[in-house]
Amino acid sequence: MSDDGKKIIELPYSLTVRELAVLVDNSPIQVIKVLMANGVMASINQQIDFDTAAVVATELGFEPQLEQTEDEVKEVGEVPLWRRLIEDEDPALLENRPPIVTILGHVDHGKTTLLDAIRHTDVAGGEAGGITQHIGAYQIERNKRLITFMDTPGHAAFTSMRARGAQGADIVVLVVAADDGVMPQTREAANHAKAAQVPVIVALNKIDKPDANLELAKRQLSEIGLTPDEWDGDTIVVPVSATKKQGLEDLLEAILLVADNNTIKANSGGHCIGTVVEAELRKTTGPMVTLLVQNGTLKLGDIVVAGEGYGRLKAMFDQRSQRIKEAVPSTPVVVMGLNNLPKAGDLFQIVGSEKEARAIIEKRKEESESRQHSKRATLEELFAKYKSGQTKELRIILKADVQGSLEPIINSLEDIGKQQKDINVSILHAETGNVTESDVILAAASDAIVFGFNVSADVSSRRLADTEGVSIRLYEIIYRLMEDVEKALQGLLEPEMVEKQIGRANVLAIFKVSKHGTAAGCRVIDGELKRNAHVRVLRDNEAIFTGEMASLKREKEDVRNVREGMECGATLKGFSDFEVGDVLECFVIEKFGG
């Protein structure tokens, strides 16, 4: 037991959601709910790192500690905590580096405004606002010392990285509005910082507001374990006004003070590792990726592996769009040369050859495909489990258009369940509305099927269902829904035909062609278009046509497929009323369970 009576639990560097549920003596669904409440979408078999697991354990009443083992995986791409690799460096070779700071807090408490205000205090460029390129991270100079800020609130990098408890940061600045006090996201951010064992500085913002109540806010901070230093606590609280540019100098001084009191070091000559901050595909240059170097020195010509992308660096740019040849620890840099877009939050590493890089990527793809294939839970596969005695329950997520439809379906499903001797029909969740990503996450976590009556599933939900292996079955007639459930329980259901999205393209132009009337000039924005696939035309997120591809051309040549980032011309069988701004959604129909 810890001093405050909580049960101490040891967690490894990485584990699955299912394994965490066992350790905290809770159901996987409860763990998934805590993860979702903290902005993390994870399936039951998905790997999460220590920081994320620690947040869950803390909320469930445990005191998490990092498990100390000797055989932890050393490969950079698979280690969730980059700090461990720095700890493996020779202490004699470590040197001070600029602190990396991330700014967290509740929505509308002024995170973005504060970051903008800090950016304009930059004197390293010789004038205010010297930073010309938004790259998701930037450095400013204070007292001839550099501070690196992760400009992440609200964009893709933060969404991906906040699950890791501010993993890329040395210091968290928690923004709390003086007129609003501690809010749910404030607690969440504080929990992330605590789990990552990162020191917190509180920026008490909006002190210029007439209803600002600094004392109340400080008392609320104390209640979540952030007692101000003036109250004999160990948290520095700095009153600021981002809009009035008040208190910014004090905040920067506090950051340097906390940095001096913590070991923030790296080996610039050691193995080069770091984090992907953001990535985008540009028409003229291809993938442009922002990397934050955390150990070693990144150099022009290095071969980088990040996520499922790799390549030799052809060019490197700093935050002012100036070409550079190398980047030392704590430096954000934009690079060209990767063949694929990594995800924000992916770790990057340097390898010795492109052959080695391809081998790492191939292994990751195989593991990813293996996980996807092993996760799909169709009605047919679930029935096979019932017959073999692996499970005794059909779990259902139910969505319907109105409450009047929901109740009779629930009653009918319960009646079917009562008629079964060995199999229980369990409705885990039932409500009105379209199928959402949350429904898919819950289904993935519990091996459930999503049933929908007179509702739809949007593109993001379908894509997530495909990734997580969740079966979504939509009906317009209640008795057909019941019939399928009964057939499944009797082992008579026909193989399920599942739609799998393979690509999306934006319509950029329209032109006349003699054979098919009108063709759409498109750019593929995701996946690929295939000539022999099905196509759905979306306009304002509404499907206006579903049919088959008639022709697919690239530079006037007929082609079988067109990949992401490329432009093409497409015609459809039975449709020619394209408009600029339409989206073409390409999909195939696959059979599962037959």
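Residues numbered from 1 in each chain as written. Predicted model: local features only at pLDDT ≥ 70, side-chain atom pairs only at ≥ 80, totals over all residues. Heavy atoms only, no water.

(A) Broad picture of the nonpolar core. Formed by 37 residues in total, the largest nonpolar core has its most connected members in Leu 20, Val 31 and Leu 35. Within the residue set of this core, elements represented by two or more residues are strand E1 (7-11), helix H1 (17-23), helix H2 (28-37), helix H3 (50-59), helix H13 (437-446) and helix H14 (459-468). Among the elements that take part in this core, H13 stands out by supplying 6 residues, more than any other. Those residues in contact with Leu 35 that lie beyond four places of it in its chain are Val 17, Val 40, Ala 42, Thr 52 and Val 56. One finds Ile 140, Phe 149, Val 173 and Val 175 within the second-largest nonpolar core, a separate group that totals 28 residues. (Core = buried A, V, L, I, M, F, W, Y, C linked by side-chain atoms within 4.5 Å. Buried < 20%, exposed > 50% of the residue type's maximum accessible area, 1.4 Å probe, protein only. Helix = DSSP H or I, 4+ residues; strand = E, 2+ residues; numbered from the N terminus. Contact = heavy atoms within 4.5 Å.)

(B) How the structure looks around the packing of H2 against H3. At a minimum axis separation of 10 Å, H2 and H3 run at an interaxial angle of 110°. Considered as vectors, H2 and H3 are oriented roughly perpendicular to each other. Here Val 31, Val 34 and Leu 35 of H2 come into contact with H3, specifically with Thr 52, Val 56 and Glu 59. Across the contact of H2 with H3, the residue classes break down as 4 nonpolar, 1 polar and 1 charged. (Axes fitted to C-alpha atoms, helices over the stretch in contact; angles between N-to-C directions. Parallel < 35°, antiparallel > 145°, perpendicular 65-115°, else oblique. Nonpolar A, V, L, I, M, F, W, Y, C, P; charged D, E, K, R; others polar.)

(C) Highlighting the packing of helix H5 (residues 111-119) against helix H9 (residues 248-260). Contact pair H5 / H9: the axes reach a minimum separation of 11 Å and the direction vectors enclose 85°. Looking at the two axes, H5 sits roughly perpendicular to H9. Residues Leu 114, Ala 117 and Ile 118 of H5 form the contact with H9, whose own contacting residues are Leu 248, Leu 251 and Leu 252. Grouping the amino acids of the contact of H5 with H9 by side-chain chemistry returns 6 nonpolar, no polar and no charged.

(D) View of the sheet that holds strand E11 (residues 236-239). One open sheet holds the 6 strands; their spatial order is E7-E8-E6-E9-E10-E11, and the pairing between them is mixed. Single-partner strands in this sheet number two, and they are strand E7 (137-142) and E11. Strand-to-strand, the axes of this sheet are offset by a mean angle of 30°, without reference to chain direction. Pairing of strand E10 (residues 200-205) with E11 involves 4 bridges; the strand directions are parallel. (Pairing = 2+ DSSP bridges.)

(E) Seen up close, the packing of aromatic side chains. Using the criterion set out here, one finds 4 aromatic pairs in the structure. Ring geometry for Phe 451 against Tyr 475: centres 6.0 Å apart, planes inclined by 25°, an arrangement best described as stacked. Taken together, the positions of Phe 451 in strand E24 (residues 449-453) and Tyr 475 in strand E25 (residues 472-475) put the pair 24 residues apart, joining distant regions of the chain. Between Phe 575 and Phe 578, the aromatic rings sit 5.2 Å apart at their centres with planes inclined by 85°, giving edge-to-face as the arrangement. Within the aromatic cluster, the residues linked to one another by ring pairs are Phe 545, Phe 575 and Phe 578. (Phe/Tyr/Trp six-rings, centres within 6.5 Å; stacked < 30°, edge-to-face > 60°.)

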